[in-house]
Amino acid sequence: VRRPIIAGNWKMYKTARETVEFFEQFKPLVKISHHCDIVIAAPFTVLVDAVKAAEGSNIAIAAQDLFWEAEGAYTGEISPLMLVDVGCRYTLVGHSERRQLFGETNQNVNKKIKAALSVNLTPIVCIGEMLEEREANQTQKVIQTQFLEGFAGLTAQAFSRIILAYEPVWAIGTGRTATPEIAGEVHEYIRGLADASFGQPGARNLRILYGGSVKPDNIKGLMAQAHVDGALVGGASLNADSFGSIVNF
Ligand code: 13P
């Protein structure tokens, strides 16, 4: 049995004060929610506040990105150890917004995954096709390339410490969520890729989250799919009540 994960991705939202207010409202709502792991990926500038606010709770904090070098002359970048230092336990890697807007490649994703694992940060690696790719029947090919290049050179042991998120780009921030069947189908395909590359029990234990317009009213249907092990929630994670209902699906 794979333990579900409900993760929020705040993207470029929330000041320190808004972060503290969110946790004040959110913590009581999930205090007795032991059926899943709860993660919030906050902006770099409020990671310290989020870790502090989440202290003693069942909520873990994630970064939204990282750089692969340990330290050096890399103006503006954040190292894996810096994230551990402020109390992060997870980091997103390869979010589609970073791929589309900031030139993130599968090769960079690969380096970031290895760097995160080297300091025991759990990478939540995002993959997913664009609308044109789905319409051109390229979904599996795109996912396969992201998977093979992103995870190149990993041992089965390293792979066992990774979480995957399938986020079809056409479903992100559009209100157009994938149907549970579409999500389930791609997740099953991804598990097959994991089996082909890393074998068992890695593939069977791999947790694959769905992301893209997840809301309180569609989470149940998505979670009912055999290969959907959780959600990566953008917009609906900004509000304590809506994220609370998603966690308590
Ligand atoms: P939305 O839930 O706002 O569609 O965002 C999904 C996402 O990108 C999570 O990483």
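Use the structure listed above.
The model shown is predicted, which means the values in this text are computed figures rather than measured ones.

1. What to know about the sheet that holds strand S1 (residues 5–9)
Working step 1: Pairing within the closed barrel is parallel, and its 8 strands lie in the order S1-S2-S3-S4-S5-S6-S7-S8. Each strand of the sheet is rotated relative to its neighbour by a mean of 25 degrees, with strand direction disregarded.
Working step 2: Direction of pairing for strand S6 (residues 163–166) relative to strand S7 (residues 207–211): parallel, over a ladder of 4 bridges. The residue of S7 that forms the bridge with Leu 164 is Ile 208.

2. Considering the packing of aromatic side chains
Working step 1: Under the definition given, this model contains 13 aromatic pairs.
Working step 2: Through successive ring pairs, a cluster of aromatic residues spans Trp 10, Phe 22, Phe 23, Phe 26 and Phe 243.

3. Quick word on the site of the ligand
Working step 1: Close to the ligand lie 13 residues, the nearest being His 95, Gly 173, Ser 213, Gly 234 and Gly 235.
Working step 2: A distance of 2.8 Å separates an oxygen atom of the ligand from a polar atom in the side chain of His 95.
Working step 3: Between the ligand and Gly 173, the relevant distance is 2.6 Å, taken from an oxygen atom to a main-chain nitrogen or oxygen of the residue.
Working step 4: Of the residues assigned to the shell around the ligand, the class counts are 4 nonpolar, 7 polar and 2 charged.

What counts, and where the lines are drawn
- Within any chain, residue numbers begin from 1 and follow the written order of that chain's sequence.
- Given that this is a predicted model, residues contribute local features only at a pLDDT of at least 70 and side-chain atom pairs are listed and counted only at 80 or more, while totals for whole chains, interfaces and linings are drawn from all residues.
- Hydrogen atoms and water are omitted, and side-chain values are computed over all heavy atoms in the structure.
- Two strands pair under a simple rule: DSSP has to find at least two bridges between them.
- The numbering of helices and of strands both runs from the N terminus, where a helix is a DSSP run of H or I of at least 4 residues and a strand a run of E of at least 2.
- Helix axes are fitted to C-alpha atoms over the stretch in contact, other axes to C-alpha atoms as well, and angles between N-to-C directions run from 0 to 180 degrees.
- Between the rings of Phe, Tyr and Trp (Trp by its six-membered ring), a pair exists once the centres lie within 6.5 Å; its type follows the angle of the planes, with under 30 degrees stacked, over 60 edge-to-face, and the other angles tilted.
- The cutoff for a nearby residue is simple: one of its non-hydrogen atoms must lie within 4 Å of the molecule or strand.
- Two N or O atoms count as a polar contact when they lie within 3.5 Å, although within protein this holds only if one can serve as hydrogen donor and the other as acceptor, and sequence-adjacent residues are included solely when both atoms are side-chain atoms.
- Think of it as three bins: nonpolar holds Ala, Val, Leu, Ile, Met, Phe, Trp, Tyr, Cys and Pro, charged holds Asp, Glu, Lys and Arg, and polar takes everything else, Gly as well.

Limitation: the analysis is restricted to geometry and does not speak to function.
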